[in-house]
Structures are given as structure tokens and as C-alpha cells.
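Each chain, letter by letter, is given below.
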Amino acid sequence: MKRFLRNYRLSIPTGAVLIAALGWLVFGYFGAHLLFVDDEVNEAVPTFATPSATVDSSTSTSTSTSTTTTSTTTAASPSAAVPVPVEPASPPTAPPATVAPAPVIVTEVSGAFESRGHATSGTASVLGDGSGQRFLRFENFSTSNGPDLNVYLVKANAGGIDDAVNLGDLKGNVGDQNYVVPVGTDLAVYDTVVVWCVRFNYSFGQATLRPS
């Protein structure tokens, strides 16, 4: 009995420490609880910067002033000419301002997500307007939630993110969302979108981008 009590007093604290350590591993470091909670987003199609209106010709106003000349006679005469005032000329009318046409937004490349470490679905598209500004857009996107998920543009078959364009943290594991693509990014080279778990260094899912 005494031996049981001694073991009991020792086993209780030891068990509590083990349970606390296991809880930290699962909920702290591994973030396993995130697998059961969705972070849902629903962003609209991104808005591109609209160029300001331009005017083709400058507006210049010139006003001609005409002097009214009055002829004066020293003596009143029935036949003396009556001075006629001259109306000032109207200023020239400036041509109407010309507004630049609104840019056309097109889908440059797109692809469907494929599952890797976790079930992943949806589409990824890069939208552009010809100005160099581009956005990566996820639609109908869904994957598992998890810790330290980031979005990268990588080279096909790279197998990692050593040479990649980091687009930032994944905004949500479910829903439509947008990411700014840095100006000058060569999508012929960085042609694959990957949702990457930084903490455990593996891919949740990826989409190969091809011209639309």
C-alpha cells in the first residue's frame, strides 16, 4: 500500500507534465487545432489603379482688344460722321479635353489547384491591365487550415521555396482572395502557385499557371 501511494504521488505530477507537453505540441507547435477551424475570406475582384485623364492640347486663351476710335470735328456739321463702336472679338474656343480609355483587365495565366500534403481545390489566375500592375486571384479556393501558411510563386518542379516570389501569408484557407504580384515578375519562369507550410516545410497544394 505504501509503495502504491509513493508511486501514485510520483505518477500524478509526471502524468500532468506529459499531458501539458503533449498539449503544447499539438495545439502550440503543430497547430493541429487549426485543422478543424476554417478561416474564410470573400474578397471581390481586385481594383486596378486608374490612370488620370490626359488632355491632348493645352488650353490657351487670347483676347484681342479693339480700341474704339472716335473722330472729332471742330465744328458741328450735319454731314459729320457718327462714330460706330467696334465690338471686341470673342476669345477662341479651346478643343475639348480627351480622356484616356479605361484599361482592359485580362486574365494572363491561370490554373487549377492540385492537392499535395492536404486536399486543395479551386483556381488561381493572374489578372493584369497592361500597365505592369498584376494580381493573383484565388476563386472557389479551399484547403486545410494550418500554421504558417504562405503563398509563393515558384518554378515548376522546384520542389521547394529556395528560389521563389513570396506573396505573403495565406489570407484564408477557404474563399476568394487576392495577392499583389510584384512588378516585373516573369510568369514564364515563376509559373506555379504553391500554398506552403513554412513551419514544416512542405506544400499543402499548388496550381500550374498557363496562358489563358
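Below is a short write-up of the structure. (Residues numbered from 1 in each chain as written. Predicted model: local features only at pLDDT ≥ 70, side-chain atom pairs only at ≥ 80, totals over all residues. Heavy atoms only, no water.)

### Focus: the pattern of salt bridges
Tallied over the entire structure, the rule returns 7 salt bridges. With its nearest N and O atoms 3.3 Å apart, the salt bridge here joins Asp148 to Arg199. Highlighted residues: Asp148 in the loop between β3 (134-142) and β4 (149-154) and Arg199 in the loop between β7 (192-197) and β8 (202-208), separated in sequence by 51 residues. Residue Lys155 pairs with Asp163 through a salt bridge whose shortest N-O separation is 2.7 Å. Since its relative accessible area comes to 34%, Asp163 is described here as partly exposed. In this structure, a network of salt bridges that share partners links the residues Arg137, Glu139 and Asp176. (Salt bridge = Lys/Arg side-chain N within 4 Å of Asp/Glu carboxyl O. Helix = DSSP H or I, 4+ residues; strand = E, 2+ residues; numbered from the N terminus. Buried < 20%, exposed > 50% of the residue type's maximum accessible area, 1.4 Å probe, protein only.)

### Focus: the nonpolar core
With 23 residues, the main nonpolar core has Leu136, Phe138, Leu153 and Val193 as its most contacted residues. Excluding residues that lie within four positions of it along the chain, Val193 makes contacts with Phe113, Ala124, Leu136, Phe138, Val151, Tyr152, Leu153, Gly205, Gln206, Ala207 and Leu209. (Core = buried A, V, L, I, M, F, W, Y, C linked by side-chain atoms within 4.5 Å. Contact = heavy atoms within 4.5 Å.)

### Remarks on the pairing of β3
Across 7 bridges, strand β2 (residues 121-128) lies against β3 in antiparallel orientation. Each bridged residue has a counterpart across the sheet, and for Leu127 the counterpart in β3 is Phe135. Between the end of β2 and the start of β3, which pair antiparallel, lie 5 residues, with Gly130 showing a positive phi angle near 85 degrees. As paired elements, β3 and strand β6 (residues 177-181) share 5 bridges and run antiparallel to each other. Bridge pairing in β6 links Leu136 to Tyr179. (Pairing = 2+ DSSP bridges.)

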